[in-house]
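Listed here are the chains, written in short residue letters.
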Amino acid sequence: MALMKKITTIIIALTMFSLGKAQDIHFSQMHMTPLLINPAASGGFVGDQRVTLNYRDQWRSVANPYTTFALAGDMAMLKGNSGHMGVGLQLFRDKAGDLGMGTTSAITSVAYHVKLTSGQYLSGGISGGISQRNIDFEGARFGDQYDGAGHNSAIATLDANPADLANFLFGDFSGGVQWSYSSSASTISSKDGIDASAGVSFMHFNRPRRSYVGSDERFYSKLVAHGMVSFGIKNTNLEIQPQGYYFLQGPSQELVAGANFRYILKEESKYTGLVKGASVALGSYYRWDDAIIIAATVEHGSYALGLSYDVNMSELRTASNRRGGFEISLRFTNPNPFLYKGTSGSVKFL
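What counts, and where the lines are drawn
Residues numbered from 1 in each chain as written. Predicted model: local features only at pLDDT ≥ 70, side-chain atom pairs only at ≥ 80, totals over all residues. Heavy atoms only, no water. Helix = DSSP H or I, 4+ residues; strand = E, 2+ residues; numbered from the N terminus. Buried < 20%, exposed > 50% of the residue type's maximum accessible area, 1.4 Å probe, protein only. Contact = heavy atoms within 4.5 Å. Areas by Shrake-Rupley, 256 points an atom, 1.4 Å probe, with all protein chains shown as cover. Salt bridge = Lys/Arg side-chain N within 4 Å of Asp/Glu carboxyl O. Core = buried A, V, L, I, M, F, W, Y, C linked by side-chain atoms within 4.5 Å. Phe/Tyr/Trp six-rings, centres within 6.5 Å; stacked < 30°, edge-to-face > 60°. Pairing = 2+ DSSP bridges.

**Comments concerning the overall build of the protein chain**
Here is step 1 of the chain: Across its full length, the protein chain carries 5 helices and 14 strands.
Here is step 2 of the chain: Here the protein chain, with 350 residues, has 47% of them falling under the buried criterion.
Here is step 3 of the chain: Once local pairs closer than 6 in sequence are excluded, the contacts in the protein chain between residues at least 24 apart make up 58%.
Here is step 4 of the chain: Entry remark: accessible area of the protein chain is about 17300 Å², with carbon and sulfur atoms responsible for 63%.

Printed below as a string of structure tokens:
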């Protein structure tokens, strides 16, 4: 009895540690979650309004799947010759594991984009909001609920007090800077323009408390560095888009690098508006010591649909059979970015 209780307690502690170590929500289509990467990206895109919906389903082959929903919207405003402002709002819901360990967040952001030269901007942004963490102990099993034949949920446990572990609120604040550049094609038909951006953000700089048991255990602050380039192959409809992201959070770090190959299927009709621009992109990324990410994006007019799948390459592949996470994203941009590309002077965050 005492041995089983001890083993059960250790398993629960290890589970809590493994879930807690991955402190932030996670998406593989990071080009579809710019505000999550850097608040300085708020309003830094071709257009006036942008809305993105994301869903991720992970580790279904190993245990209860980790599911994440995100809804984000941002807009550019107060445009002038010297720059413009951007504001954004993000809503997240994350649920993980058998105990339904979850986080619900509402984060607002504001940024300002200063025009340095024609097509070149320097942006700074901050974000802040409130989050709630919760856990459901209905499905938990403790050692002192063993009745000699098996687990008996009717037996009250002395190992934990669910009322103390149920949920709590915390504030969360972040900031970042970003440089962006956009150049037009050398001729109308050459299609060899270049877009580029690079930035650094510092997330959770107030280090909010994250413990369910009232201790002073806190989120680690997270450093994020990111960069991308998109350049057209001269006299073709092909664009190559290499991207890289680096995350450092406490003792953990993550590096993701890869590229998209984007093909323009048809050009926008600038005069009648009857023919909408369209493109398709295929890409592959590698998350070091974890997974290979296969991604595809289809764009038509103001809409973009992204699909990706993580092929697990870590030590967990024995249990996961290399199955990782499926992800789908939907983005709407107004005005149509095919028609107005380059008119705002802002780089499209790919």
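**Here we look at the side chain of Ser42**
Here is step 1 of the chain: Here Ser42 is to be found in the loop between helix H2 (34–37) and strand S1 (49–58).
Here is step 2 of the chain: Judged by its relative accessible area of 0%, Ser42 falls in the buried class.

**Let's talk about the pattern of salt bridges**
Think of it this way: side chains of opposite charge can pair up when their charged atoms draw near.
Here is step 1 of the chain: This structure, assessed with the given rule, holds 10 salt bridges.
Here is step 2 of the chain: Taking the shortest distance from any N to any O, the salt bridge between Arg50 and Asp74 comes out at 2.6 Å. Residue Arg50 is found in strand S1, and its partner Asp74 is found in strand S2 (residues 66–77); the two are separated by 24 residues along the sequence.
Here is step 3 of the chain: A residue is classified by how much of its surface remains accessible, and Arg50, at 5% relative accessible area, is buried.
Here is step 4 of the chain: Asp74 gets classed as buried once you look at its relative accessible area, which sits at 5%.
Here is step 5 of the chain: With its nearest N and O atoms 3.4 Å apart, the salt bridge here joins Glu299 to Arg331.

**Here we look at the environment of Phe168**
Here is step 1 of the chain: Its place among the elements puts Phe168 in strand S6 (residues 167–183).
Here is step 2 of the chain: On a C-alpha basis, the gap between Phe168 and Arg133 in space is 5.6 Å, while along the polypeptide they are 35 residues apart.

**Notes on the nonpolar core**
Here is step 1 of the chain: The biggest cluster of nonpolar side chains holds 9 residues, and these are Met30, Ile37, Met203, Val224, Tyr245, Phe247, Val256, Tyr285 and Ile293.
Here is step 2 of the chain: Not counting residues within four places of it along the chain, the set of residues in contact with Phe247 comprises Met30, Ile37, Lys222, Leu223, Val224, Ser252, Gln253 and Glu254.

**With respect to the packing of aromatic side chains**
Here is step 1 of the chain: Using the criterion set out here, one finds 5 aromatic pairs in the structure.
Here is step 2 of the chain: A ring pair is formed by Tyr55 and Phe69, whose centres lie 4.8 Å apart and whose planes are at 45°; its orientation type is tilted. Here Tyr55 is found in strand S1, whereas its partner Phe69 is found in strand S2, with 14 residues between them in sequence.
Here is step 3 of the chain: You can call Tyr55 partly exposed: its relative accessible area is 23%.
Here is step 4 of the chain: Ring centres 5.4 Å apart and planes at 40° place the aromatic pair Phe170 and Phe219 in the tilted group. Taken together, the residues span a long stretch of sequence, with Phe170 in strand S6 and Phe219 in the loop between strand S7 (194–203) and strand S8 (222–232) at a distance of 49 residues. Neither residue differs from the other here; Phe170 and Phe219 are each classed as buried.

**Remarks on the pairing of S8**
Here is step 1 of the chain: The alternating pattern of S8 places Lys222, Val224, His226, Met228, Ser230 and Gly232 on a buried face, while none of Leu223, Ala225, Gly227, Val229 and Phe231, on the opposite face, is buried.
Here is step 2 of the chain: One ladder, built from 10 bridges, connects S7 with S8; its direction is antiparallel. Paired with Phe202 across the bridge in S8 is Leu223.
Here is step 3 of the chain: Relative to strand S9 (residues 238–249), S8 is paired through 9 bridges, and the arrangement is antiparallel. The residue of S9 that forms the bridge with Phe231 is Ile240.
Here is step 4 of the chain: Connecting S8 to the antiparallel partner S9 that follows it, the hairpin turn spans 5 residues, and Asn235 within it adopts a positive phi of roughly 65°.

**So, the environment of Gly227**
Here is step 1 of the chain: In this fold, Gly227 is placed in strand S8.
Here is step 2 of the chain: A sequence separation of 48 residues divides Gly227 from Trp179, and the C-alpha atoms of the two residues are 9.4 Å apart.
Here is step 3 of the chain: Excluding residues that lie within four positions of it along the chain, Gly227 makes contacts with Ser197, Ala198, Pro242, Gln243 and Gly244.

**Observations concerning the side chain of Ser197**
Here is step 1 of the chain: When you line up the elements, Ser197 lands in strand S7.
Here is step 2 of the chain: What makes Ser197 buried here is its relative accessible area of 4%.
Here is step 3 of the chain: If we skip the residues at most four places from it in the chain, Ser197 touches Gln178, Trp179, Ser180, His226, Gly227 and Met228.

**Quick word on the pairing of S7**
Here is step 1 of the chain: As judged from the 9 bridges shared by S6 and S7, these two strands associate in the antiparallel manner. Looking at the pairing, Gly175 lines up with Phe202 of S7.

**Describing unusual backbone geometry**
Here is step 1 of the chain: Residue Asn334 is joined to Pro335 through a cis peptide bond whose omega torsion reads -5°.
Here is step 2 of the chain: With respect to the element layout, Pro335 can be found in the loop between strand S14 (323–334) and helix H5 (337–340).
Here is step 3 of the chain: In the Ramachandran plot, Arg207 falls in the positive-phi region, its phi being about 45° despite a non-glycine side chain.
Here is step 4 of the chain: Looking at the element boundaries, Arg207 is found in the loop between S7 and S8.
Here is step 5 of the chain: You can call Arg207 partly exposed: its relative accessible area is 34%.
Here is step 6 of the chain: Of note, Asn235 is a non-glycine position whose phi angle comes to about 65°, a positive value.
Here is step 7 of the chain: Positionally, Asn235 belongs in the loop between S8 and S9.
Here is step 8 of the chain: Residue classification places Asn235 among the exposed positions, given a relative accessible area of 57%.

As far as function goes, none of this settles anything; it's purely spatial.
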